[in-house]
Amino acid sequence: LQIETDLRRAIERKELSLAYQPIIRLKDGELAGFEALMRWEHPKRGTIPPSEFIPIAEMSDLIGPLGMFAMERAVSDLTGWQTQLGDLPIFTSVNLSSAQLLNADLYNDVRGLLQRTQVNPQQLKLELTESLMMENPEQARLVLAKLKETGLSLALDDFGTGYSSLGYLTQFPFDTIKLDKSLVRDATEKRAVLLRSVIAMARALEMDVVAEGVQTDEDAAELAKMGCHYAQSYLFGPPAAADAVMRLLKERF
Ligand code: G
Ligand code: G
Ligand code: MN
Ligand code: NA
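What comes next is a walk through the structure. These figures come from a predicted structure and were not determined experimentally.

On to the site of ligand 1. Every residue near ligand 1 is listed here: Leu37, Met38, Pro49, Pro50, Ser51, Ile54, Gly67, Ala70, Asn95 and Ser97. When contributions to the shell around ligand 1 are tallied by element, the ones reaching two or more residues are strand S2 (31–42), helix H2 (50–59) and helix H3 (63–85). Looking at the shell around ligand 1 element by element, the count peaks at three residues for H2. Per-class residue counts for the shell around ligand 1 are six nonpolar, four polar and no charged.

A word on the site of ligand 2. In the vicinity of ligand 2, the contacting residues are Gln21, Leu37, Asn95, Asp157, Asp158, Lys181, Glu212, Gly213, Ser233, Tyr234 and Pro239. Its residues placed into classes, the shell around ligand 2 shows three nonpolar, four polar and four charged.

Note on soluble globular proteins: their nonpolar side chains tend to be buried together. One finds Ala70, Ala74, Ile177, Leu179, Val209, Ala211 and Ala231 to be the most contacted residues of the largest nonpolar core, which totals 63 residues. Counting residues per element, this core draws most heavily on H3, which supplies eight residues. In this view, Leu179 contacts Phe159, Gly160, Val184, Val198, Val209, Val210, Ala211 and Glu212; residues no more than four positions away in its chain are not counted.

Looking now at the pairing of strand S5 (residues 124–128). Among the five residues that make up S5, five are buried, leaving the element largely enclosed by the rest of the structure. Bridging between strand S4 (residues 91–95) and S5 involves four bridges; their strand directions are parallel. Bridging from a neighbouring strand, Thr92 pairs with Leu124 of S5. The pairing of S5 with strand S6 (residues 153–159) spans four bridges and is classified as parallel. When the sheet's bridge partners are listed, Leu126 is paired in S6 with Leu154. Once you follow S5 into helix H5 (residues 137–149) and on to S6, the crossover reads as right-handed.

Parameters at a glance
For every chain, the first residue of the written sequence is number 1, and numbering continues from 1 onward in sequence order. Chains and ligands are labelled sequentially in the order written, the chains with letters from A and the ligands with numbers from 1. The model is predicted, so local features are restricted to residues of pLDDT at least 70 and side-chain atom pairs to those at 80 or more, both for listing and for counting; the totals for chains, interfaces and linings are taken over all residues. As a rule, any residue with its backbone-derived C-beta atom within 6 Å of a molecule or strand is reported as near that molecule or strand. Here a strand is any run of E in DSSP of at least two residues, a helix any run of H or I of at least four, and the numbering for each starts at the N terminus. Under this grouping Gly is polar, as are all residues other than the nonpolar Ala, Val, Leu, Ile, Met, Phe, Trp, Tyr, Cys and Pro and the charged Asp, Glu, Lys and Arg. To count as a nonpolar core, a set of buried Ala, Val, Leu, Ile, Met, Phe, Trp, Tyr and Cys residues must be joined through C-beta atoms within 7 Å. Residue burial is a threshold on neighbouring C-beta atoms within 10 Å of the residue's own C-beta, all placed from the backbone, with 20 or more meaning buried, 12 or fewer meaning exposed, and counts in between meaning partly exposed. Each residue gets a C-beta atom placed from its backbone, and two residues are in contact if those atoms lie within 7 Å. A pair of strands is labelled paired if DSSP reports no fewer than 2 bridges between them. Handedness of a crossover is defined as follows: orient the strands so they point away from the viewer, and if the path from the first strand over the helix to the second runs clockwise, the crossover is right-handed.

Shown next as structure tokens:
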């Protein structure tokens, strides 16, 4: 596959970058952190979205190096911001493919990165969708537990979509759930009942809740009333490059 060959070279050719989307604390509207989203600027084909290249990486041996690139870049950007501005009360959330959980090196790679950079692990979250987690739940549980021992936290992404099951909330050591935008938008009365219940359940399990794709200030206020901790959506800001984030942080802190 040509695109696989191209992807293989993309890291060393510096065609990959991260875009950071703000995550807002609903209680006070303060910036709480960012989700790091990978971007690929292909020299001939222009910007290729992760929905196209992540599955290709997952089907080859590329997801490991790509995933570590994301984590390393996220940590170095965070370190860079804090070198300029001092310690910041923010976290960065990096996507981890469940295919990476099958990689025996993952835990050592992550631990090595944390030790090498001395980044505060409490400022790092890894977010996973469950799509491949159930292929080998024992392995997934084991690796996630070891990752948590390093002090970072784990978020269950895309909650409320086809794959997710309530069972995941107790079977795996997640600290946070991210409500998928399909569940959050167009909050009809019935959906509000559902949202309120899911948020209450998560809180009872001592998990933080992030609502994705919140469309209006009214919906944000409603979610805050329901006890939802955080929101991430275009309403609060699009994904932005690391240097733009630096300017944003300078204004806020
Ligand atoms: O960036 P965009 O808004 O198109 O994100 C689409 C999806 O791509 C995200 O929901 C996320 O699950 C996935 N994605 C983005 N960046 C990464 C990454 O670094 N690693 C993995 N595994 N998935 C990513
Ligand atoms: O990892 P995850 O699949 O949750 O990634 C979030 C995706 O949702 C990214 O592709 C991001 O660009 C997108 N996104 C972020 N905010 C909004 C929003 O307000 N509306 C919609 N439709 N998509 C959003
Ligand atoms: Mn995500
Ligand atoms: Na999501």
